[in-house]
Amino acid sequence: MEKLQQKKLIVNGIEQYVLSSPSTTLATVLREHLELTGTKVGCGEGQCGACSVMLNGKVVRSCVTKMKRVPEGACIITIEGIGQPDNLDPLQQAWVKHGAAQCGFCSPGFIVSAKGLLNENDNPTREEVRDWFRKHKNACRCTGYKPLVDAVMEAAKVVRGEAPAESLDFVMPEDGRIWGSSYPRPTAVAKATGTLDYGADLGLKMPAGTLRLALVQAEVSHAKINGIDTSEAENMPGVHCILTAKDVKGKNRIFGLACSPRHKGDGWERPILCDEKVFQYGDAVAIVCADTEAEARAAAAKVRLDLEQLPAYMSAAAAMADDALEIHPGTPNIYFEQPLIKGDDPAPIFDQDDVAVVSGEYRSSRQPHMPIEPDVGFAYMGDDDLLHIHSKSIAVHLHAMMIAEGLGLKPEQIALAANPMGGTFGYKLSPTMEALLGVAVLATGRPVSLCYDYYQQMTYTGKRSPFHVNARMAADKKTGRIVALEHDYVVDHGPYCEMADVLTGRGIQFIGAGYDIPSIRGMGRTVATNHAWGAAFRGFGGPQAHFAGESLVDELALALDMDPLEFRYANCYRPGSTTPTGQEPDVYPLPEMLDALRPKYEEAKKRAEAGSTPTHAKGVGIALGVYGSGGDGVEQAEVFVQYDEDDGVTVGASWEDHGQGADIGAVGTAHETLLAMGVPPEKIRFSWPDSAKQPPAGPAGASRSQVVVGGAIRVACEALMGAARKDDGTYMTCAEMVAADKPLRYDGSYSIPGVPCDPDTGLGNPFLVYMYVVHLAEITVEKATGKVSVDRMSCIADIGKINNKLATDGQIWGCMAQGIGLALTEDFEDIKKHSTMIGAGFPYISAIPDDLEITYIQTPRQWGPFGAAGVGEGPIASPHVAITNAIRNACGARVTSLPALPEKVLAGMPHEH
Ligand code: MCN
Ligand code: FES
Ligand code: FES
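Residues numbered from 1 in each chain as written. Chains lettered and ligands numbered in written order. Predicted model: local features only at pLDDT ≥ 70, side-chain atom pairs only at ≥ 80, totals over all residues. Heavy atoms only, no water.

Q: Now, about the overall build of the protein chain: what can you tell me, with residues and values included?
A: Assigned secondary structure in the protein chain consists of 24 helices and 30 strands. Over its C-alpha atoms the protein chain spans a radius of gyration of 27 Å, differing by no more than 12% from the 29 Å that the globule rule assigns to 913 residues. Along the first, second and third principal axes, the C-alpha set of the protein chain runs to 80 × 70 × 70 Å. Carbon and sulfur atoms form 51% of the exposed surface of the protein chain, whose accessible area is close to 31,000 Å². Charge separation in the protein chain, taken as the distance between the mean sites of 83 positive and 113 negative side-chain charges, equals 4 Å. (Helix = DSSP H or I, 4+ residues; strand = E, 2+ residues; numbered from the N terminus. Rg over C-alpha atoms; globule rule 2.2 N^0.38 Å. Areas by Shrake-Rupley, 256 points an atom, 1.4 Å probe, with all protein chains shown as cover. Lys, Arg positive; Asp, Glu negative; His and termini not counted. Charge placed at Lys NZ, Arg CZ, Asp CG, Glu CD.)

Have a look at this one:
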């Protein structure tokens, strides 16, 4: 019998009596019993601080605070008790002003934590703020932490009475334009007050009768399924039913978008629920539908799988071995190849005496995305007879198409909606639980919800696909010009082919990008393995390609005895240059960017020299990065705008918001277009994406949205203005439009004519808009251990004209932080060890320097609205290589496999070992 305990708590000043089991967590009591969903649960195991609340004045992580340890009469303060949307605490105001909430999932936890600090010390130093967040394990994946510390420092001034509360308000520029300003994003207040409902919050608010789901997952990486025994589980308390592949009404497959003629599979290899085989650890075999999540999980643990284990190929090399079985029988494990043939054959050049040649083998890691919010979703049949699925999808129309046939539906029978999201960083370009939710609704006829815990997030969502690149590069000894490049690489994409061909193409497009290299031969191959499936991850192939390219460029500079910056300066794109795929770049900002970096670089070198000691070597590294805004080839988006009764405008765009700022993207772009109409920014409304409500705008991937969706928003707003313009140059009100019998809704469609790379030569003009960055890293290597810390980073970025500076700064800081993780700690190779945030090397605040600097060069772009390019991914193309180049500079160790763990650095140091 379950034994309960009643306790009195004073929650946000209100006396409450709660009845719970002593082992229930405080987070569950707050969220589920008291419906205070401002407190978020991320990791659920004490590692992220998202659930921070104050208990008798002390900051605690409520997900690991059991009710038995909460004293009778305890005073609890949650985010709801700190301030409300119409009565913000200075910390919340500062969070809004500094763009400290991107996805916002960590914000309530950080703000409560910061409140705890300011209660103890209202005059902290930046170091004290950082130390506090370190001690309380407050983790943020989006911001690089800098704006969070900025926000606390500015709020503290107001708390001390040294600055008025108004100093935390946004000041509207005199010209009334928010384009290019730091106007706070429309969702900022809701994020900072905990009033924005994410997927799990919405799930809790579903009607009675909702079934809660749990997955039965394989705990082996490759196996034949001989049987599934659900008999014991079916009789567990609260269980409604257990669904297996036979309950799936359609093809039971998710379409993997295999579109290239060179693809050797048909793209239909990924089961919704595994039927014949298990292809990777965590694959879903059955779904338990029960009254509560706890009951569903308890029953899932009792389902018995009869599995016959097959050899598990956990690397590309293993899956490529001659005797390896075909993971998908009938499709070879190497299922896609993309050659590159640019200019003359470089082979003879490498034999010439007047060239310097460097070569290397570069392996990148299986970087896990680690959003703070684990995967979550819910679904139901709507009164419109559509199957509504709400998830963390960043591609609502595409996902409806990818899962429909598997469920036995047509895409138009599915309404796929994106919930407010706590970050995806690209893993949600793949469907994760969408089809599973759909199966459960169709089989039971009931609304359903499914929440992954963090272990499931880690083990059963896609990862960054490792590249293993063999390459060599040659430069003329006299001119210092790069003359030839050869590479050959394999991409370990796990068992499912989603976007594998596109990803493999990123190698030929970006190894050597940024430089005019006349002769290139390359070959990329995609390999199926049984490790975690390859999903999009911010930068999608860019960081992998640059790891090889920018390491070789650095080595070549050393071989020529040239300064790495000057060598890059001599070789970077200028008018007349072509990209690796033979395209003319869109703009040529790299020389100016390197000029801007030069003084910072010289200072950094001096600092490194002065700061090095016999035990600690300091080093400086730079790396250039180029990445495309938009997918390969033609890019298109459709949106509408609607004139509202109060003369505001609603932007109907399915621009999914991982946290990057689709809200401000849409509002900023519309405001700039509508400037002459004078629609105030607070009356411009963005939309939450839903495939049944907006036309297809394409996924929020490939850093395409500001350019392409923004382009469509501009077109739609111009159409509205065209219709509303009066002869005297002023504009009709909405009421006047109605009186004049004019439509209130205007569609906008926009496309960009890129040319995909040729399947045989790799040549083409795939991206008409590129983002350019140069990173500078200053690091310290502890010589005895090989441990590396990053002291300072600086980024020169050209992302075209800026829509919103808070958004673009945030994107760049976030990329720098993820680049540090990629360089030094993050991995998901060892499924056991790497299945928690700490285990997988999540970068907490102590790993990210406070000294992060951004300099913009804003070269206007032809194709983006008002000259914008994208920003989401360009800055992650190369920060990790700036760091590994700095390690080489500090201690001579050339790291060729990521992450640069201390033992690798130690082993690479030439003199010590
Ligand atoms: N922006 C701007 N000015 C520009 C370019 C962009 O103000 N010149 C703003 C945009 O309005 C938008 C943001 O910067 O708010 C990113 O725009 P864009 O580069 O067009 O990228 P998308 O909107 O298409 O977003 C996707 C991109 C990708 S592919 C990944 S992955 C990613 C990312 O953005 N995942 C993120 N950024 C992320 N940020 C957070 N916090 N969380 C994620 O999961
Ligand atoms: Fe509680 Fe992560 S620490 S949710
Ligand atoms: Fe911190 Fe997204 S804003 S995790």
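From this point, the narrative continues.
Q: Account for helix α12 (residues 396–407), with residues named and values stated.
A: An ideal rise of 1.5 Å per residue puts 16 Å on twelve residues; α12 measures up with 16 Å between its terminal C-alpha atoms. Taken residue by residue, α12 has Val-396, His-399, Ala-400, Met-402, Ile-403, Ala-404, Gly-406 and Leu-407 as its buried positions. The inward-facing, buried residues of α12 contact β9 (253–254), β17 (387–391), β18 (414–418) and α13 (434–444). Looking one or two residues beyond α12, the residue adopting positive phi is Gly-408, at roughly 80°. (Expected span 1.5 Å × (residues − 1). Buried < 20%, exposed > 50% of the residue type's maximum accessible area, 1.4 Å probe, protein only. Contact = heavy atoms within 4.5 Å.)

Q: I'd like a rundown of the sheet that holds strand β30 (residues 852–856), residues and numbers included.
A: The mixed open sheet is built from four strands, whose spatial order is β23-β28-β29-β30. Each edge of the sheet is formed by a strand with only one pairing partner; in this case those strands are β23 (616–628) and β30. With strand direction ignored, the average angle separating the axes of adjacent strands in the sheet is 20°. Of the strand pairs in this sheet, strand β29 (residues 787–798) and β30 are connected by five bridges, and their pairing is parallel. (Pairing = 2+ DSSP bridges. Axes fitted to C-alpha atoms, helices over the stretch in contact; angles between N-to-C directions.)

Q: Kindly report on the sheet that holds strand β26 (residues 684–685), identifying the contributing residues and their values.
A: Ordered in space as β26-β25-β24-β27, the four strands form an open sheet in which the pairing is mixed. Edge positions in the sheet fall to β26 and β27 (745–753), since each has one partner strand and no second. Sitting on the sheet, helix α20 (residues 705–724) touches β24 (634–643), β25 (649–652) and β27, and the angle it makes with β27 is about 140°.

Q: Please provide a residue-by-residue account of the pairing of strand β1 (residues 5–11), values included.
A: For β1 and strand β2 (residues 14–20), the ladder comprises seven bridges, and the chain directions are antiparallel. When the bridges of β2 are listed, Leu-9 appears paired with Gln-16. As paired elements, β1 and strand β5 (residues 74–77) share three bridges and run parallel to each other. When the bridges of β5 are listed, Ile-10 appears paired with Cys-75.

Q: Which residues make up the nonpolar core, and what values go with them?
A: Nonpolar side chains tend toward joint burial in soluble globular proteins. Of all hydrophobic cores here, the largest spans 215 residues; its most connected members are Trp-95, Tyr-145, Met-837, Ile-883, Ile-887 and Val-905. Leaving out residues up to four positions away in the same chain, Trp-95 has contacts with Ala-100, Ala-101, Ser-107, Phe-110, Ile-111, Phe-133, Leu-148, Ala-151, Val-152 and Ala-192. Grouped together as the second largest cluster of nonpolar side chains are 43 residues, Tyr-183, Tyr-643, Val-651 and Leu-674 included. (Core = buried A, V, L, I, M, F, W, Y, C linked by side-chain atoms within 4.5 Å.)

Q: Give a description of the packing of helix α2 (residues 90–97) against helix α5 (residues 146–159) that names residues and reports values.
A: The contact between α2 and α5 brings their axes to 8 Å, and the two run at 140°. By the criterion of interaxial angle, the relationship of α2 to α5 is oblique. When the axes of α2 and α5 are compared, the crossing they make is right-handed. Counting all contacts with α2, which are made through Pro-90, Leu-91, Ala-94, Trp-95 and Lys-97, the residues of α5 involved are Leu-148, Ala-151, Val-152, Glu-154, Ala-155, Val-158 and Val-159. Residues belonging to the contact of α2 with α5 are distributed by class as follows: ten nonpolar, no polar and two charged. (Parallel < 35°, antiparallel > 145°, perpendicular 65-115°, else oblique. Left-handed = near helix turned anticlockwise from the far one by under 90°. Nonpolar A, V, L, I, M, F, W, Y, C, P; charged D, E, K, R; others polar.)

Q: Break down the site of ligand 1 for me, with residues and values.
A: Surrounding ligand 1, one finds 33 residues, the nearest of these being Phe-425, Ser-705, Gln-706, Gln-811 and Val-871. The contact in question runs from a nitrogen atom of ligand 1 to an N or O atom on the side chain of His-658, over 3.2 Å. Between an oxygen atom of ligand 1 and a side-chain N or O atom of Ser-705, the distance comes to 2.6 Å. Surface burial for ligand 1 is 99%, taken as the share of its 840 Å² of free accessible area covered by protein chains. Sorting the residues of the shell around ligand 1 by element identifies α20 and α22 (805–824) as the ones contributing at least two each. (Near = heavy atom within 4 Å. Polar contact = N/O pair within 3.5 Å; in protein donor to acceptor, adjacent residues only side chain to side chain.)

Q: Provide a residue-level description of the environment of Ser-365, including the pertinent values.
A: Tracing the backbone shows Ser-365 in the loop between β15 (355–363) and β16 (376–381). Residue classification places Ser-365 among the buried residues on the basis of a relative accessible area of 3%. Once the C-alpha coordinates of Ser-365 and Lys-463 are considered, the two residues, 98 residues apart in sequence, prove to be 9.4 Å apart.

Q: Provide a residue-level description of the packing of aromatic side chains, including the pertinent values.
A: In total, this model carries 20 aromatic pairs according to the counting rule given. Ring centres of Phe-110 and Phe-133 lie 4.8 Å apart, and the angle between their planes is 75°; on these two criteria the pair is classed as edge-to-face. Of this pair, Phe-110 sits in helix α3 (residues 107–120) while Phe-133 sits in helix α4 (residues 126–135), and the two are 23 residues apart along the sequence. Given the relative accessible area of 1%, Phe-133 is considered buried. Judged by centre distance (6.4 Å) and plane angle (75°), the ring pair of Phe-510 and Tyr-770 falls under edge-to-face. Separated by 260 residues along the polypeptide, Phe-510 in helix α15 (residues 500–510) and Tyr-770 in strand β28 (residues 770–782) bring together distant segments of the chain. A single burial state applies to Phe-510 and to Tyr-770, both of which are buried. Three or more aromatic residues joined by ring pairs form one cluster here, namely Phe-279, Tyr-452, Tyr-460, Tyr-496 and Trp-533. (Phe/Tyr/Trp six-rings, centres within 6.5 Å; stacked < 30°, edge-to-face > 60°.)

Q: Lay out the pairing of β30 in plain terms, naming residues and giving numbers.
A: Burial of the side chains of β30 is restricted to one face: Leu-852, Ile-854 and Tyr-856 are buried, whereas none of Glu-853 and Thr-855 on the reverse face is. One crossover worth recording links β29 to the parallel β30 by way of α22, and it is right-handed. (Right-handed = clockwise from strand over helix to strand, strands pointing away.)

Q: So, the side chain of Ser-577: which residues are in play, and what are the values?
A: Within the secondary structure layout, Ser-577 lies in the loop between α17 (564–571) and α18 (590–611). The class of Ser-577 is buried, set by a relative accessible area of 4%. Engagement of the side chain of Ser-577 in a polar contact is seen with the backbone oxygen of Arg-574, the distance being 2.8 Å. In contact with Ser-577, not counting residues within four places along its chain, are Asp-516, Cys-572, Gln-583, Glu-584 and Pro-585.

Q: Help me get a handle on unusual backbone geometry, residues and values and all.
A: A cis amide bond links Leu-898 to the next residue, Pro-899, at an omega of -10°. Structurally, Pro-899 is set in the loop between α23 (879–891) and α24 (902–908). One non-glycine residue with positive phi stands out, namely Asn-56, at about 45°. Tracing the backbone through its elements, the reader meets Asn-56 in the loop between β3 (52–55) and β4 (58–61). A positive phi is found at Ala-702, a non-glycine position, where the angle reads about 60°.

Q: Hey, could you go over the packing of α4 against α5 for me, with residue numbers and the actual values?
A: Contact geometry for α4 and α5: axes closest at 10 Å, N-to-C directions at 120°. Here α5 runs oblique to α4, going by the angle between their axes. Relative to α5, the crossing made by α4 is right-handed. In this structure, α4 uses Arg-126, Val-129, Arg-130 and Phe-133 to contact α5, whose residues at the interface are Lys-146, Val-149, Asp-150, Val-152 and Met-153. Of the residues in the contact of α4 with α5, the class split is five nonpolar, no polar and four charged.

Q: Give me the lowdown on the environment of Asp-384, citing residues and values where you can.
A: The residue Asp-384 is located in the loop between β16 and β17 in this model. Separated by 3.1 Å, the side chain of Asp-384 and the backbone nitrogen of Leu-386 make a polar contact.

Q: Can you lay out the pattern of salt bridges for me, pointing to particular residues and giving the numbers?
A: Evaluated as defined, the whole model comprises 57 salt bridges. Across the salt bridge formed by Lys-205 and Asp-197, the nearest N and O atoms sit 3.0 Å from each other. Three or more residues joined by partner-sharing salt bridges are found here, namely Glu-550, Asp-554, Glu-555, Arg-568, Arg-888 and Arg-894. (Salt bridge = Lys/Arg side-chain N within 4 Å of Asp/Glu carboxyl O.)

Q: Explain α22 to me, and be specific about the residues and the numbers.
A: Because each turn of an α-helix spans 3.6 residues, side chains separated by three or four positions in sequence point in the same direction. With 20 residues, α22 extends 28 Å between its outermost C-alpha atoms, agreeing within 8% with the 28 Å of an ideal straight helix rising 1.5 Å per residue. Among the 20 residues in α22, 19 count as buried, and that is most of the element. Capping the start of α22 is the job of one residue whose side-chain oxygen sits 3.1 Å from the backbone nitrogen of Leu-806: Asn-804.

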